[in-house]
Amino acid sequence: MTAPPTPPPRVLRTVRLLLVAAGAVGLGVGAVKLTALHPSQLRSLAVWLVAGVVLHDGVLVPLVTVALAGGGLVLRRLAGPGIRGRRWRAPRGTGPLVTSCLVVGGVLTLVVLPELHARSLGAANPTVVPGDYGRRLVLAWAVLAVVAVARTGGLSLRDRARRRREPPAAREAP
Amino acid sequence: MGALAIHVAAQLPTIVRHWRRERAVSGGQVSTGSTTAETTTRRGFLVAVGAGVAAVVLLTAGQSFRALRRTNLFAPRVQGLGPQGLPVNKTAAAARVHDAATDPAWTLTVVHGARSVALTRAELEALPQTEVELPIACVEGWTTFARWRGVRVADLLALVDAPSGTGARVTSLEPSGPYRTSDLEPAFAHHPRTLVALELGGEPLDLDHGYPARLIAPARPGVLQTKWLTRVETT
């Protein structure tokens, strides 16, 4: 198998130029449209843009980093020295499973938090944010936890059965 | 969008290199997802993101799509919830129109240049009525279809001899607010499905839906379907 040929630099340069041109036109149109906004709308826009970055980098990223690092630490310790003498090796596939559950729960939480805030301020009329969102969110997290635990248990049983079938030597050399 | 396009342009050589290398590596040998960092494989990432998107769609899209209304746990609106089965954004109380809208002396004034007529609700009801099935499609993200009945704006404009090329501006009883008036381009103003609605779902409009008369037209965001009309003038 030979390495695929690199694209001719001319093609690459043309594509880049076209992208930059399209981007510049987009930015220009956006800038012109901005001038049509009311000063108060411009202020809200600035707050919205800055708050998005601050919330993402200042709150969301540290939370996710700490959660992932903490989870990884616990799993590694369990698999190695164990916690209080108890050892447990997470079956293959646990990582993506737990990540998926956390992502689903996290996204639903992000949807619900503004609704809880709106309800605490008092809805403008009874057709706005009518649901009991807090209780439903707790329920959703509970369902996710049950799914994660049940599926991990299933994977764990499967791994154990496989280990029993295979001779120990085969396991050591994957 | 513009910034994104420029960003891709700046990173294009890196992107191309990445995909070329990937193909060169996987060309001869079997290449499955990495086993060391299980949580960050491409497949794991796509599954997690896909599951998140699917969950949000399943649990919120019911505010606009009838088929998913039973699983609508987290959307800010509920299909069919509201007076006459339709959600409300701004109530009559919030718009401070209650007294003006319930005044028996209310009339709708239609103006074209020096010509003008003032029509009571009874006079509007006596004009030819049209029934349409049109949605309130709010930019907040919810949409609900409803059956409206009322007088064509085109018929009202004909009463004051407005030619077919004219647009129209409708004005609400609302004393203030950015959506107190809205403009109809000529094509909208003379469209056969553009109505001054008097009824919703076979009943007189609820006060919160714009009684005594509101605008309903195809292909307009909800906030421009002006409620509690007092005036229609050509532009």
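Above: the structure in question.
I will try to describe carefully the structure that is included in this document.

Definitions and cut-offs
- Residue numbering note: each chain is counted from 1, following its sequence as written.
- The naming scheme follows written order: chains are lettered A onward, ligands numbered 1 onward.
- Under the rules for a predicted model, residues below a pLDDT of 70 receive no local features and side-chain atom pairs below 80 are neither given nor counted, while totals for whole chains, interfaces and linings still include all residues.
- Excluding hydrogens and water, the side-chain values take into account all heavy atoms of the structure.
- When DSSP finds two or more bridges between a pair of strands, those strands are recorded as paired.
- Helix and strand labels come from DSSP, where a helix needs a run of H or I of at least four residues and a strand needs a run of E of at least two; each type is numbered from the N terminus.
- Note on definitions: angles span 0 to 180 degrees between N-to-C directions of axes, and those axes are lines fitted to C-alpha atoms, for helices only across the stretch in contact.
- Three exposure classes are used, based on accessible area relative to the maximum for each residue type with a 1.4 Å probe and protein chains only: buried under 20%, partly exposed in between, and exposed over 50%.
- To estimate how far a helix should reach, multiply one less than its number of residues by 1.5 Å.
- By arc we mean the arc of the directions from the helix axis to the C-beta atoms, nothing more.
- Definitions for this section: a left-handed crossing has its near helix turned counterclockwise from the far helix by less than a right angle. A right-handed crossing has that turn clockwise.
- Throughout, a contact is declared for two residues whenever any of their heavy atoms are within 4.5 Å.
- Gly is placed with the polar residues, together with every amino acid not listed as nonpolar (Ala, Val, Leu, Ile, Met, Phe, Trp, Tyr, Cys and Pro) or charged (Asp, Glu, Lys and Arg).
- When a carboxyl oxygen of Asp or Glu lies within 4 Å of a side-chain nitrogen of Lys or Arg, that pair is called a salt bridge.
- We define buried area as the total accessible area lost by two parts upon association, computed with a 1.4 Å probe and summed across both.
- As used in this structure description, the phrase polar contact means that two N or O atoms lie within 3.5 Å; if the pair is within protein, one of them must be able to donate a hydrogen and the other to accept it, and residues adjacent in sequence are counted only when both atoms belong to side chains.

## Structural notes on the sheet that holds strand 5 (residues 168-172) of chain B
Residue and element names in this part refer to chain B.
Here is step 1: Spatially, five strands are ordered 2-1-10-5-6 in an open sheet, and the strand pairing comes out mixed. Each having just a single partner strand, strand 2 (115-119) and strand 6 (181-184) make up the two edges of the open sheet. Ignoring which end each strand starts from, the neighbouring axes of this sheet average 15° apart.
Here is step 2: Pairing of strand 5 with strand 10 (residues 229-234) involves five bridges; the strand directions are antiparallel. Residue Ser172 lies in a different strand from strand 10, and its bridge partner there is Leu229.

## Let's talk about the pairing of strand 7 (residues 195-200) of chain B
All names here are of chain B.
Here is step 1: Within strand 7, five of the six residues are buried, leaving the element largely enclosed by the surrounding structure.
Here is step 2: Bridge count for strand 4 (residues 143-152) against strand 7 is five bridges, and the pairing is antiparallel. Along strand 7, the bridge assignment pairs Arg152 with Leu195.
Here is step 3: By the bridge criterion, three bridges tie strand 7 to strand 9 (residues 214-216) in an arrangement that is antiparallel. The partner of Val196 across the bridge, within strand 9, is Leu215.
Here is step 4: Taken together, the two bridges between strand 7 and strand 8 (residues 203-204) define a ladder with antiparallel strand orientation. Following the sheet pairing, Leu200 is matched in strand 8 by Glu203.
Here is step 5: Taken together, strand 7 and the strand that follows it, strand 8, pair antiparallel across an intervening segment of two residues, in which Gly201 is found at a positive phi of about 60°.

## What about helix 2 (residues 42-60) of chain B?
Side chains three or four residues apart in an α-helix point the same way, a direct result of the helix having 3.6 residues per turn.
All names here are of chain B.
Here is step 1: A rise of 1.5 Å per residue sets the reference length of helix 2, with its 19 residues, at 27 Å; its end C-alpha atoms lie 27 Å apart and thus fit the reference within 8%.
Here is step 2: When we look at burial in helix 2, the residues that qualify are Gly44, Ala48, Gly52, Ala55, Val56, Leu59 and Thr60. Buried residues of helix 2, seen end-on, are gathered within an arc of 105° and therefore sit on one face of the element. Relative to its buried face, helix 2 has exposed residues pointing more than 90 degrees away, namely Arg43 and Leu46.

## Here's the deal with the packing of helix 3 (residues 94-121) of chain A against helix 2 of chain B
How two helices pack is summed up by the angle between their axes together with the distance between the axes.
Here is step 1: The contact between helix 3 of chain A and helix 2 of chain B brings their axes to 8 Å, and the two run at 35°. Along this stretch, helix 3 of chain A crosses helix 2 of chain B, giving a crossing that reads as right-handed. Touching A:Pro96, A:Ser100, A:Val103, A:Val104, A:Val107, A:Leu108 and A:Val111 of helix 3 of chain A are B:Gly44, B:Val47, B:Ala48, B:Ala51, B:Gly52, B:Ala55, B:Val56, B:Leu59 and B:Thr60, all from helix 2 of chain B.
Here is step 2: Across the contact of helix 3 of chain A with helix 2 of chain B, the residue classes tally to twelve nonpolar, four polar and no charged.

## Details of the pattern of salt bridges
Pairing between side chains of opposite charge can happen when their charged atoms approach one another.
Residues and elements named next belong to chain B.
Here is step 1: Considering all chains together, one arrives at ten salt bridges over all chains under this definition.
Here is step 2: Of the charged contacts, one joins Glu140 and Arg77 as a salt bridge, the two residues approaching to 3.4 Å between their closest N and O atoms. In this pair, Glu140 is assigned in the loop between strand 3 (130-137) and strand 4 and Arg77 in the loop between helix 2 and helix 3 (92-95), connecting sequence segments 63 residues apart.
Here is step 3: Arg147 serves as the salt-bridge partner of Glu131, at 3.2 Å between the closest nitrogen and oxygen. Note that Glu131 is positioned in strand 3 and Arg147 in strand 4, a separation of 16 residues in sequence.
Here is step 4: For Arg147, a relative accessible area of 38% puts it in the partly exposed group.

## A look at the interface of chain A and chain B
Here is step 1: Opposite the 35 residues of chain A that make contact, chain B presents 39 residues.
Here is step 2: Where chain A abuts chain B, roughly 2900 Å² becomes buried across the two surfaces, and 73% of that area is made up of carbon and sulfur atoms.
Here is step 3: For the interface between chain A and chain B, the tally reads zero salt bridges.
Here is step 4: Along the contact surface separating chain A from chain B lie nine residue pairs in polar contact (both at pLDDT 80 or more).
Here is step 5: Considering each element in turn, the side of chain A that touches chain B owes the most residues, eleven residues, to helix 3 of chain A.

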